[in-house]
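# Overview (structure and organization)
Here is what each chain is made of, one letter per residue.
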Amino acid sequence: MQPLKSYYDGVVIGGGITGMQAALDLGEQGYEVLLVEREPSIGGKMIALNKVFPTLDCSSCICTPRMAESAHHSNIRILTYSEVRRVEKRGKGFSINLECKPRYVVEEDCIGCSRCEQVCPVDAPHEFDEKLGARRAVYIPHGNAIPQVAVLDANYCTFCGKCEKICPTNCIDFAQLPTQEKVEAGTVIVATGLKTTPIDAKPEYGGGKFLNVMDPMAMERVQSSNGPYGRVLRPSDGKVPKSIAYVQCAGSRDETLGVPYCSRVCCMYAIKQAILLKHLVQDLDITIYYMDIRAFGKNFEQFYRRAIEEEGVKFVKAKVAKIIEQPNKDLLLRVEDMEHGGVRREVRHDIVVLSLGTLPAWHAAGVIDIAEASDGFFECVAQKISPTRSTMDGVFIAGVATGPKDIPDSIVEAGAAAMEAAMYLERSGVRRPVAEVAAY
Amino acid sequence: MADEVKEQAGGQKVKQQRPIDVLRQRMGGVSDELKEYFKEQNRIRKLLSEAFGQGARTVPELAQATKLEPHVVLWHVMAMKKYGRVVEVEQKGDYFTYAMTGKE
């Protein structure tokens, strides 16, 4: 690994779209930034999405330029497969301990040819494809990964040495060890993103048990042309589905799950996925079972109307009480149809997607002493007028780390956090002189 | 695996473990769980190769021939497809058929 500098103006924790945007907004102003990401590639959740709402733009097409720009920016250093272990305030600045996990590949020498992956004998469940697809023990994280560098999962390695023998640049390095690094920083931005509520949180829905009850990220991957199947198929047996149901509020607005809030994006991503599925699979019947549809953003209502009037997606105001798996793995939904006096019906579907709720992907306990609100997201000290300020001076928060929101709102907040961080650097006097400033 | 013999300054020869063996030792060798997993993977691949024969098969047809669960068949067929050992052929009713390419 190339040595880190001893000081960075800003350390951004989280290499998703919010973290990348914050890093770029700081870097473009001439500040030196270290962007730390725990996965082997930057890109976060967005790089795994198929398309985005409401424009149906290709998610990769929007995200990969940001990824490439972050990777090549002269003021940004990316540190992947690494985690922040401790952030301590030192005067106005910060001392940060990092742990870098071993890839067992020399990053600077790897050309991303994937010959190691081709010869590796062990197939493992691929986390990027929500384990519906496979990768090898040594693998390139995905086609758009940055860095486009292999990583070896030692837990699946049989030590056959085939990857080492085939590598054209001799960059497989079994001798790598985890390393501890320490840097000083003028400011910190926390942009650690989201995870979904557990799919098995509501046992009556059979998530985690019934193969064809899917989580929305798994459906994103199934819809993607570079996904695990290459087309839309049912996970239990590879059948082309004829009928798909979405169950809204399957992880939000639910006191019993400890998620009393609305997750803001579920209605829109369900509508998005439904429209795309209609385009991908001929004669597919799609029903969205909802409590109420929240389409509050720009062009959201029009998108919802399009789903009904042009795309033929059915919307049924009903609460799904239970999902029952049939012997052939079809799913029977018991619903209480609220538009017809609460009459109970049983409806068969091939696949059910649970619109799961949004949780913060990371908690700072033991790492940074910033407060979390009662909902588990980081607390903003001045929500209305300065929503990116955490409870520690000089530490800023952005994106879903502060609460559920969509991609545009995350990007706006990233910019706000970068601006606040820049002002902090200038006013506090904590910034150290830098040798070069990137040309704008 | 044999350790490498290296000659130090002064002509003294010492055995030096190869990095792969150092990592193997550090990981405690290949775990029993991984050995079982790998053995099962190879067993399933052999069953699927025999079930494919020379033709194109759907996932339910392969499941019936191998007595494997259909979702297991699907996962392995897609893994083989990703790495070029299987190719999708055509749609047959509600399913697609797949065939082996002959690539090892």
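In this text the structure is predicted, and so the values were computed from the model without any measurement.

### Here we look at the overall build of chain B
- Check the secondary structure of chain B and you find four helices and four strands.
- Each helix and strand of chain B, ordered N terminal to C terminal, gives the series β-β-α-α-α-α-β-β.
- Residues counted as buried form 22% of the 104 residues belonging to chain B.
- Contacts in chain B between residues at least 24 apart in sequence constitute 28% of all its contacts with a sequence separation of at least 6.

### Points about the confidence of the model for chain B
- Confidence along chain B averages 91 in pLDDT terms, with 87% of residues attaining 70 or more.
- Predicted complex, confidence summary: ipTM 0.94, pTM 0.94.

### Description of the pairing of strand β3 (residues 76-79) of chain A
Residue and element names in this part refer to chain A.
- Judged by which residues are buried, β3 turns out to be covered on both faces: Ile-76 and Ile-78 on one side and Arg-77 and Leu-79 on the other are all buried.
- Where strand β2 (residues 33-36) lies against β3, four bridges are found, and the strand directions are parallel. In the strand pairing of β3, Leu-34 is matched with Arg-77.

### Some points on helix α5 (residues 216-223) of chain A
- For α5 of chain A, the tally of buried residues reaches seven of eight residues, placing the bulk of the element in the interior.
- Those residues of α5 of chain A hidden inside the fold are in contact with β11 (194-196), β12 (213-214), α6 (266-280) and β18 (351-354) of chain A.

### A closer look at the sheet that holds β18 of chain A
Residue and element names in this part refer to chain A.
- Taken in spatial order, the seven strands of this open sheet run β12-β18-β13-β14-β15-β16-β17, and their pairing is mixed. Each having just a single partner strand, β12 and β17 (343-349) make up the two edges of the open sheet.
- Relative to β18, β12 is paired through two bridges, and the arrangement is parallel. If you follow Met-214 over to β18, its bridge partner there is Val-353.
- Sheet contacts for α6: β13 (243-247), β14 (285-290) and β18; angle to β14, the most-contacted strand, approximately 170°.

Each value, and the rule that gives it
Residues numbered from 1 in each chain as written. Chains lettered and ligands numbered in written order. Predicted model: local features only at pLDDT ≥ 70, side-chain atom pairs only at ≥ 80, totals over all residues. Helix = DSSP H or I, 4+ residues; strand = E, 2+ residues; numbered from the N terminus. Buried ≥ 20, exposed ≤ 12 C-beta atoms within 10 Å, placed from the backbone. Contact = placed C-beta atoms within 7 Å. pLDDT = per-residue confidence, 0-100. Pairing = 2+ DSSP bridges. Axes fitted to C-alpha atoms, helices over the stretch in contact; angles between N-to-C directions.

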